[in-house]
Structure formats: C-alpha cells, structure tokens
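Each chain is listed here by its residues.
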Amino acid sequence: DFFFKKKSKISKTEQKLASRLTEEQLRAKTEASIVKKLGEISNMTWSPQAEAALSSTMVQWAKLDPQSALNYALSIESRRARVNAINNVLGTWAKADPAAAQQWFLANMPQDPLAASATVRNLYTGMGKAQMDAALQTVSQLPTVELQNLALQTLMSQVVRGGDES
C-alpha cells in the first residue's frame, strides 16, 4: 500500500555516523561563533559589558574545548581579563572533568598569590559541584597551606549553602 510504506531501516552504525557528523558540524559552527565573538570583544572598549561578554564566551568555549580556551586565556594581555578568563574556564571545566582541571591548575598555577587564590576558589567551586568527596580528597595536593585552607573554605561554603555557591 502506498500510504503504508515500510520505513527504511538505518543501521546503528549509519545512525551513529549521522549523529557524529551533526555533532561535529554543530561544534564547528559554535567554535566559529566563539572566535567571531572574541574578535568583537577585542575591539570593544573595556567595560563591565565587555568583561561580561568575555566571561560568557569563555564559559561557552570551556564547555567545548577547555584546553583551547585556556590557551587563548593565557594570551590575553590585560592581567585582570586574563585571570577572569582563566577562572571562568577552570570553573566550568572542573564541573565536567575535575581531575583534568586540577591537573592543569597545578601545572600552570599563577605566581601572583591573589590570582592563585581567585583561581583556587573557582576551581574548587566547580570541583565541589561535580564531586564533593573527590574534591575534598585533592585539597592536600595544593602547594601551600593557604591555598589548601581556601579550597576547604570554598567547599564547606558549598555544603552550608547546599551546593548553590557560584
């Protein structure tokens, strides 16, 4: 019967391939829009709006490719913008892959104590949201007692607030 044609069967391999191509195409489009947005931000006069735009763009990029986002963040000339970008990426990455984010931090820890403190706060906020028990177990890997205490304070703040700390 013409109206009741059999649906063509697509193999699971073909379905996976089609899905993968779609994901790759979507990722490429998203990365292209990120690059375009970063170009627009770099042409802006620095302002709270530019800072917010950079922050949201870096978070979006961190969800796709945190290593590339961090490489870009490290190249930002403005110290404040660079630290904020790194913190946004690490905090986002730590929610998805806490161990990799912490490993990157330990290998690339800022020398500036204020920047290191801000980064630990963001890193451990993300790690705590992902896996509180695992985050607590990694605190001792931080190189100084001050950073260890800050990580514990950050994690305990999440516990007290029910995990809603941003």
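Residues numbered from 1 in each chain as written. Predicted model: local features only at pLDDT ≥ 70, side-chain atom pairs only at ≥ 80, totals over all residues. Heavy atoms only, no water.

### A word on the overall build of the protein
Okay, so step 1: From N to C terminus, the protein includes eight helices and zero strands.
Okay, so step 2: N-terminal to C-terminal, the α/β element order of the protein is α-α-α-α-α-α-α-α.
Okay, so step 3: Counting every position in the protein, which comprises 166 residues, the buried fraction comes to 36%.
Okay, so step 4: Sequence separation of 24 or more characterises 53% of the internal contacts of the protein that already satisfy a separation of 6 or more. (Helix = DSSP H or I, 4+ residues; strand = E, 2+ residues; numbered from the N terminus. Buried < 20%, exposed > 50% of the residue type's maximum accessible area, 1.4 Å probe, protein only. Contact = heavy atoms within 4.5 Å.)

### Quick word on the packing of aromatic side chains
Okay, so step 1: Throughout the structure, instances matching the rule amount to one aromatic pair.
Okay, so step 2: When the centroid spacing of 5.7 Å and the interplanar angle of 50 degrees are considered together, the rings of Trp 61 and Tyr 72 count as tilted. Highlighted residues: Trp 61 in helix H2 (residues 48-64) and Tyr 72 in helix H3 (residues 66-74), separated in sequence by 11 residues.
Okay, so step 3: Classification of Tyr 72 as partly exposed rests on a relative accessible area of 27%. (Phe/Tyr/Trp six-rings, centres within 6.5 Å; stacked < 30°, edge-to-face > 60°.)

### Describing a nonpolar patch on the surface
Okay, so step 1: Residues Leu 136, Leu 152, Met 156 and Val 159 make up a contiguous nonpolar surface patch of roughly 300 Å² in combined accessible area.
Okay, so step 2: Mapped onto the elements of the fold, Leu 136 is located in helix H7 (residues 132-138). (Patch = residues over 30% accessible without salt bridge, like charges linked within 9 Å, V, L, I, M, F, W, Y side chains within 5 Å. Areas by Shrake-Rupley, 256 points an atom, 1.4 Å probe, with all protein chains shown as cover. Salt bridge = Lys/Arg side-chain N within 4 Å of Asp/Glu carboxyl O.)

### Describing the side chain of Thr 125
Okay, so step 1: By the secondary structure assignment, Thr 125 is in helix H6 (residues 113-130).
Okay, so step 2: Its relative accessible area of 7% is what places Thr 125 among the buried residues.

### Things to note about the nonpolar core
Okay, so step 1: Ranked by size, the top nonpolar core spans 35 residues in total, and within it Met 58, Leu 90, Val 120 and Tyr 124 carry the most contacts.
Okay, so step 2: Those elements giving two or more residues to this core turn out to be helix H1 (12-42), H2, H3, helix H4 (79-96), helix H5 (98-107), H6 and helix H8 (145-160).
Okay, so step 3: Not counting chain neighbours up to four residues away, the residues in contact with Leu 90 comprise Leu 70, Ala 101, Trp 104, Phe 105, Thr 119 and Leu 123. (Core = buried A, V, L, I, M, F, W, Y, C linked by side-chain atoms within 4.5 Å.)

### Considering the packing of H4 against H5
A pair of packed helices is characterised by two quantities: the angle between their axes and the separation of those axes.
Okay, so step 1: Interaxial distance between H4 and H5 falls to 6 Å at its minimum, and their mutual angle equals 145 degrees. Residues Ile 86, Leu 90, Trp 93, Ala 94 and Ala 96 of H4 touch H5, and the partners they reach there are Pro 98, Ala 100, Ala 101, Trp 104 and Phe 105.
Okay, so step 2: When its residues are assigned to classes, the contact of H4 with H5 shows 10 nonpolar, no polar and no charged. (Axes fitted to C-alpha atoms, helices over the stretch in contact; angles between N-to-C directions. Nonpolar A, V, L, I, M, F, W, Y, C, P; charged D, E, K, R; others polar.)

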